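Commentary on secondary and tertiary structure
Now for the letters of each chain:
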Amino acid sequence: MTSRVAIVGAGPVGCAAAAFLVQAGHAPALWSPTGGRVRRHADRASFVCNGAVNGEIDVEWLASPDRLAEFPVVLVCLPADAYGSVLGPLNAIWQPGQHLIVSGALSLAPLWIATAVPGVQASGWGTTLTTTHFQADGGLHINPLRGRIDMATLGPMAPSDARQSCVDLFGERFVLADNLLAPTLANINPIAHAAEVIPNLTRMDLGEAWSLFGHFTAVVGRMADSLDVERRAVAQAFGLTLPSLRQHYARSYHVPEGPLHTMAAEITRRGMSPNGPASLQHRYVLEDAPFGLAFLEALGRATGVDTPVLSASLTLLEATYARDFRADNFLLDALGLSGEGAAAALLARCAASTSVASC
């Protein structure tokens, strides 16, 4: 059955989602405040992709964000540093009964939406549908769909129905958690990206072309493993047992599990490695430092879990960028992540059985 779904964000992830939807026979529409990576003509947008989906993809283009209210399902594919400026104003547009899905949700953004807009269903995925990147010629390279995506949901729908809504669009790959914290903490991007970019900051600063996984040496692997231990320790404090970074890479790239640097070498050998950031102004830092690392650090503080490597990485990025990334995450205050009992209160609010009205 053809479904109408709107996608917020026309970057690589949003366009890849549109490509998979078109391939499956659905009718997606795109809205973005910029849309600079797609060709726009009247009420249509198009782009060329290769890899898991090949050819030109043509979709409806929404000229106004107000039209997002027409769609029963909306997939949000925005970097977290756009939550405040782009997603925040959209809270005035959402309608009761809509299902809002945040792809690769960071800092419990679905809880923020559900609290702000009673009557909506807000779901969060622990990662994106796939890994994807725009190439130098403007084409979009798309890797295969991930085999597993952890998700949780808040709102009036039964959790199983919210999951089925995702399955109807993208197939049987969604694993339902009973707490929104689970997919949030399952998102490995903040720790993986920190380990990848910190040893390569001068490459970013000089605008070099460098392979992300091609430069994932044993040095990066040791740093990433250490950060992963702390991520999972924070999750354990909430009673959650999460897949490791190694397990995540094995599932996402379909490579044998082993030491991270050997997995990265195999990802590179198979041609699935994107280039690393060629600018300091990149979401691997601007998104993941405040809305990933700072959020994990705050959860650790609330649960009494030490995060020395994570905190040191965040402080190092703040020093090199001359920027207070901890203060950039407005959701830390919005979700009340401070004071006595913050962890227990947050855990209760994230339960899948929680209705929007009680958030």
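Described below are features of the structure shown in this document. (Residues numbered from 1 in each chain as written. Predicted model: local features only at pLDDT ≥ 70, side-chain atom pairs only at ≥ 80, totals over all residues. Heavy atoms only, no water.)

The subject of this paragraph is the pairing of strand 8 (residues 121-125). Judged by how many residues are buried, strand 8 sits mostly within the fold: 5 of 5 residues are covered. Of the two faces of strand 8, the one lined by Gln121, Ser123 and Trp125 and the one lined by Ala122 and Gly124 are each fully buried. The sheet contact formed by strand 7 (residues 99-102) and strand 8 spans 4 bridges and is parallel. Residue pairing in the sheet places Leu100 in a bridge with Ala122 of strand 8. Since strand 7 and strand 8 lie parallel, the crossover through helix 3 (residues 109-116) that links them has a hand, and here it is right-handed. (Buried < 20%, exposed > 50% of the residue type's maximum accessible area, 1.4 Å probe, protein only. Helix = DSSP H or I, 4+ residues; strand = E, 2+ residues; numbered from the N terminus. Pairing = 2+ DSSP bridges. Right-handed = clockwise from strand over helix to strand, strands pointing away.)

With their axes 9 Å apart at the nearest point, helix 6 (residues 189-197) and helix 8 (residues 218-237) run at an angle of 155 degrees to one another. With respect to helix 8, the element helix 6 is oriented roughly antiparallel. Relative to helix 8, the crossing made by helix 6 is right-handed. Facing helix 6, whose interface residues are Ile191, Ala194, Ala195 and Glu196, helix 8 presents Val220, Met223, Ala224, Leu227, Asp228 and Arg231. (Axes fitted to C-alpha atoms, helices over the stretch in contact; angles between N-to-C directions. Parallel < 35°, antiparallel > 145°, perpendicular 65-115°, else oblique. Left-handed = near helix turned anticlockwise from the far one by under 90°. Contact = heavy atoms within 4.5 Å.)

At their nearest, the axes of helix 8 and helix 13 (residues 308-321) sit 8 Å apart, and the two run at 115 degrees to each other. Judged by residue contacts, Met223, Ser226, Leu227 and Glu230 of helix 8 engage Pro308, Val309, Leu310 and Ser313 from helix 13. Among the residues making up the contact of helix 8 with helix 13, the classes are represented as 5 nonpolar, 2 polar and 1 charged. (Nonpolar A, V, L, I, M, F, W, Y, C, P; charged D, E, K, R; others polar.)

Quick look at empty space enclosed by the protein now. In this approach the atoms are scanned with a rolling probe the size of a water molecule, which exposes any empty space left behind. One pass over the full model with this rule turns up 2 cavities of 30 Å³ or more. What the largest cavity holds in volume is close to 140 Å³. Lining the largest cavity are 14 residues, and of these Thr127, Arg148, Asp150, His248 and Arg251 sit closest to its centre. The set of elements that each furnish at least two residues to the lining of the largest cavity consists of strand 11 (149-154) and helix 9 (245-253). Sorting elements by how many residues they give to the lining of the largest cavity places helix 9 first, with 3 residues. Class assignment of the residues belonging to the lining of the largest cavity gives a composition of 4 nonpolar, 5 polar and 5 charged. Of the voids in this model, the second largest cavity is the one considered here, and its volume is about 70 Å³. Of all elements in the fold, only helix 5 (181-186) and helix 12 (288-303) reach the threshold of two or more residues within the lining of the second largest cavity. It is helix 12 that provides the largest number of residues to the lining of the second largest cavity, a total of 4 residues. Among the residues making up the lining of the second largest cavity, the classes are represented as 6 nonpolar, 4 polar and no charged. (1 Å grid on protein atoms, 1.4 Å probe; cavity = no way out; pocket = protein on both sides within 12 Å on 5 of 7 lines; lining within 4 Å. Points joined across faces, edges and corners; volume = space filled by probe spheres on them.)

No statement about biological role is implied by the geometric values presented.
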